[in-house]
Amino acid sequence: MYKVLMILGLLLLPGPARAQIESQAGRWEIPTIVSRAAVVMDAETGTVIYSKNPDMEIPPASLTKLMTMHLGFKEIYEGRASLDEMIEPTSESWAVNQLPLSSLMHLGPAQKLSLRELFLGLSIFSGNDASAAVALRFAPTVEDFVEMMNVESRALGLSRTRFADASGYSEHNMTTAREFAEFTRIYLREHPQSLAEFHSISEFTYPKFENWLGPFDENSIIRTQRNRNTLVGRVEGVDGLKTGSIPAAGFNIALTAERLGTRFIAIILGAPAGWGGDRIRDLDGERLLDWAFDNYHTIRLRLDAPGPVRVWKGSRSSISTAWGAPLEFTALLERGAGLSWHIETERTIIAPLPAGSRVGNLLIYDSLGELRRIPLITTAEVQRGNFFKRFIDSIRLFFR
């Protein structure tokens, strides 16, 4: 209880005063957060640098809409849709037909809008009506679209992420902080343009004059809504992604930010429901991102492919090699200055060798010493040579 009261007190302080107190309290130590679960991940390498209850199952609420958009993007890439195509929302997607307390884009009769506007309605307004309209664009029924979401979740290896609707309204939607961080990483890798085009937009107006099929009169309401992710434009580098809240989950947020060439993902699930929960969620997210950037960064090596290595007693005398791990990795911020590297191979590599055999290491150093080892692996199988080849190589190895 004391911790909750302390954080609520910090929330009520002016920004400068809160920053001063946090600095004096050791701001860059691993943060203690109120939300039930969280994961911070390097978006490029997939390295998890912070976790709290990463496998606790919690309803994602409107974070669900990222999967809705993901499937929509896939349909566009495969040529079955276009962001500029025009859609007339059916009655099932009208705002008046959504469940109580739904976030709304305010779709209604006698309207037309582009798929791009529907995606903005999902990302900025978090409109449940927009979710229904997108689902019905790509499937005969919303239920059929939800099945598509679950098929995609399984295909991505998200065994504990499942969906009951396309908007996140249902408490039967479920995910974990770890799995949603991995999904967010996939989403960013496959749809990098979504940040600039949708998730970092500060506000959006709908409906406009051109969205009306009928006459525009005094009963036609134009609504401008701001991005529900209030950290966009307020916290350095934050350019996405999505907030969500239902009573069964509390307040959730999927955050991403980039600073000085490093991008982190922060998934915050289960901030307290009720008054102030959204501010606690945002503070948790802000503190985790600041801590991540002040302690870690992404290092990228740009190296040519490694050369072949000598193989003894095999059906061939050499085999090509490859790096057995990515040349991008996450390191502490103080590491990475004055990089150098060299390759060490096994002195005697004898067949048979299956593909992917480790035959050496790429050793990477910085000014503080050894930083990382990346395996050097074979790219193909090498079978045993015939008797004559093995005999000759045995003699050569003896005199070597």
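Calculation criteria
Residues numbered from 1 in each chain as written. Predicted model: local features only at pLDDT ≥ 70, side-chain atom pairs only at ≥ 80, totals over all residues. Heavy atoms only, no water. pLDDT = per-residue confidence, 0-100. Contact = heavy atoms within 4.5 Å. Pairing = 2+ DSSP bridges. Helix = DSSP H or I, 4+ residues; strand = E, 2+ residues; numbered from the N terminus. Axes fitted to C-alpha atoms, helices over the stretch in contact; angles between N-to-C directions. Buried < 20%, exposed > 50% of the residue type's maximum accessible area, 1.4 Å probe, protein only. Patch = residues over 30% accessible without salt bridge, like charges linked within 9 Å, V, L, I, M, F, W, Y side chains within 5 Å. Areas by Shrake-Rupley, 256 points an atom, 1.4 Å probe, with all protein chains shown as cover. Salt bridge = Lys/Arg side-chain N within 4 Å of Asp/Glu carboxyl O. Phe/Tyr/Trp six-rings, centres within 6.5 Å; stacked < 30°, edge-to-face > 60°. Core = buried A, V, L, I, M, F, W, Y, C linked by side-chain atoms within 4.5 Å. Parallel < 35°, antiparallel > 145°, perpendicular 65-115°, else oblique. Left-handed = near helix turned anticlockwise from the far one by under 90°. Nonpolar A, V, L, I, M, F, W, Y, C, P; charged D, E, K, R; others polar.

**Here we look at the confidence of the model for the protein chain**
Summarising the model, the protein chain shows a mean pLDDT of 91, and 92% of its residues fall at 70 or more. Contacts of residues 1–27 to residues separated by more than four positions or lying in other chains number 23 contacts, the stretch itself having pLDDT below 50.

**Thoughts on the sheet that holds strand β9 (residues 262–271)**
One open sheet holds the five strands; their spatial order is β2-β1-β9-β8-β7, and the pairing between them is antiparallel. Where the open sheet ends on each side, the last strands, each with one partner, are β2 (48–52) and β7 (238–246). On average, each strand axis in the sheet is inclined to that of its neighbour by 5 degrees, with strand direction left out of account. Bridge count for β7 against strand β8 (residues 250–259) is eight bridges, and the pairing is antiparallel. Paired with threonine 243 across the strands is isoleucine 253, a residue of β8. Its contacts with the sheet put helix α9 (residues 277–293) on β1 (37–42), β2, β7, β8 and β9, and the angle it makes with β8 is roughly 30 degrees.

**Concerning helix α5 (residues 128–138)**
Structural remark: α-helix, 3.6 residues per turn; residues separated by three or four positions point the same way. Within α5, nine of the eleven residues are buried, which leaves the element mostly enclosed by the surrounding structure. For α5, the full list of buried residues reads Asn128, Asp129, Ala130, Ser131, Ala132, Ala133, Val134, Ala135 and Phe138. Buried-residue contacts for α5 involve α3 (65–77), α4 (115–123) and α6 (142–155).

**What about the sheet that holds strand β16 (residues 358–366)?**
The sheet built from four strands is open, its strands ordered β13-β17-β16-β15 with antiparallel pairing. Sheet topology places β13 (321–323) and β15 (340–345) at the edges, where each strand pairs with a single neighbour. Across the sheet, the mean angle separating the axes of adjacent strands is 30 degrees when strand polarity is ignored.

**What to know about a nonpolar patch on the surface**
A cluster of nonpolar side chains, contributed by Phe387, Phe391, Ile395, Phe398 and Phe399, occupies part of the molecular surface with about 650 Å² of accessible area. Using a relative accessible area of 67% as the deciding quantity, one classes phenylalanine 398 as exposed.

**Details of the packing of aromatic side chains**
Under the defined criterion, the tally for this structure stands at 13 aromatic pairs. Taking the centre distance of 6.2 Å and the plane angle of 55 degrees together, the rings of phenylalanine 183 and tyrosine 187 count as tilted. Here phenylalanine 183 pairs with tyrosine 187, and both are found in helix α7 (residues 177–190), just four residues apart, close to one helical turn. By the burial criterion, phenylalanine 183 is buried, and tyrosine 187 matches it. Members of the aromatic cluster, each reached through a chain of ring pairs, are Phe73, Tyr77, Phe119, Phe180, Phe183, Tyr187 and Phe198.

**Some remarks on unusual backbone geometry**
For the bond from tyrosine 206 to proline 207, the omega torsion is -5 degrees, close enough to zero to count as cis. Examined against the element boundaries, proline 207 turns out to sit in the loop between β5 (203–206) and β6 (223–226). A positive phi angle, close to 65 degrees, is found at leucine 101, a residue other than glycine. Structurally, leucine 101 is set in the loop between β3 (86–87) and β4 (113–114). Taking relative accessible area as the criterion, leucine 101 reaches 88% and is therefore assigned exposed. Phi angles above zero are rare outside glycine, and alanine 110 is one such case at about 60 degrees. Tracing the chain through its elements places alanine 110 in the loop between β3 and β4. Among the residues examined, alanine 110 registers a relative accessible area of 40% and is labelled partly exposed.

**Notes on the nonpolar core**
Of all hydrophobic cores here, the largest spans 56 residues; its most connected members are Met105, Leu115, Leu118 and Phe119. Setting aside chain neighbours within four positions, we find methionine 105 in contact with Leu113, Glu117, Leu118, Gly121, Phe125, Gly127, Asp129, Ala130, Phe204 and Tyr206. Val235, Val238, Ile253 and Phe264 belong to the second-largest nonpolar core, a separate cluster that totals 20 residues.

**A few points about the pattern of salt bridges**
On inspection of all chains with the given rule, the structure shows 23 salt bridges. Where aspartate 282 meets arginine 281, a salt bridge forms, and the shortest distance between an N and an O atom there is 3.0 Å. Relative accessible area serves as the criterion here: at 5%, arginine 281 is assigned to the buried category. Lysine 389 serves as the salt-bridge partner of aspartate 393, at 2.7 Å between the closest nitrogen and oxygen. Taken as a pair, aspartate 393 and lysine 389 lie in helix α10 (residues 387–399) at a separation of four residues, close to a single helical turn. Taken individually, aspartate 393 and lysine 389 each receive the classification buried, so the pair is uniform in this respect.

**Quick look at the packing of α4 against α5**
Viewed as axis vectors pointing N to C, α4 and α5 meet at an angle of 140 degrees, and their least axial separation amounts to 8 Å. Classified by the angle between their axes, α4 and α5 sit oblique to one another. Read as a crossing pair, α4 and α5 show a hand that is left-handed. Taken together, the residues of α5 that come into contact with α4 (itself represented by Leu115, Leu118, Phe119, Gly121 and Leu122) are Ala130, Ser131, Ala133, Val134 and Phe138. Its residues assigned to classes, the contact of α4 with α5 comprises eight nonpolar, two polar and no charged.

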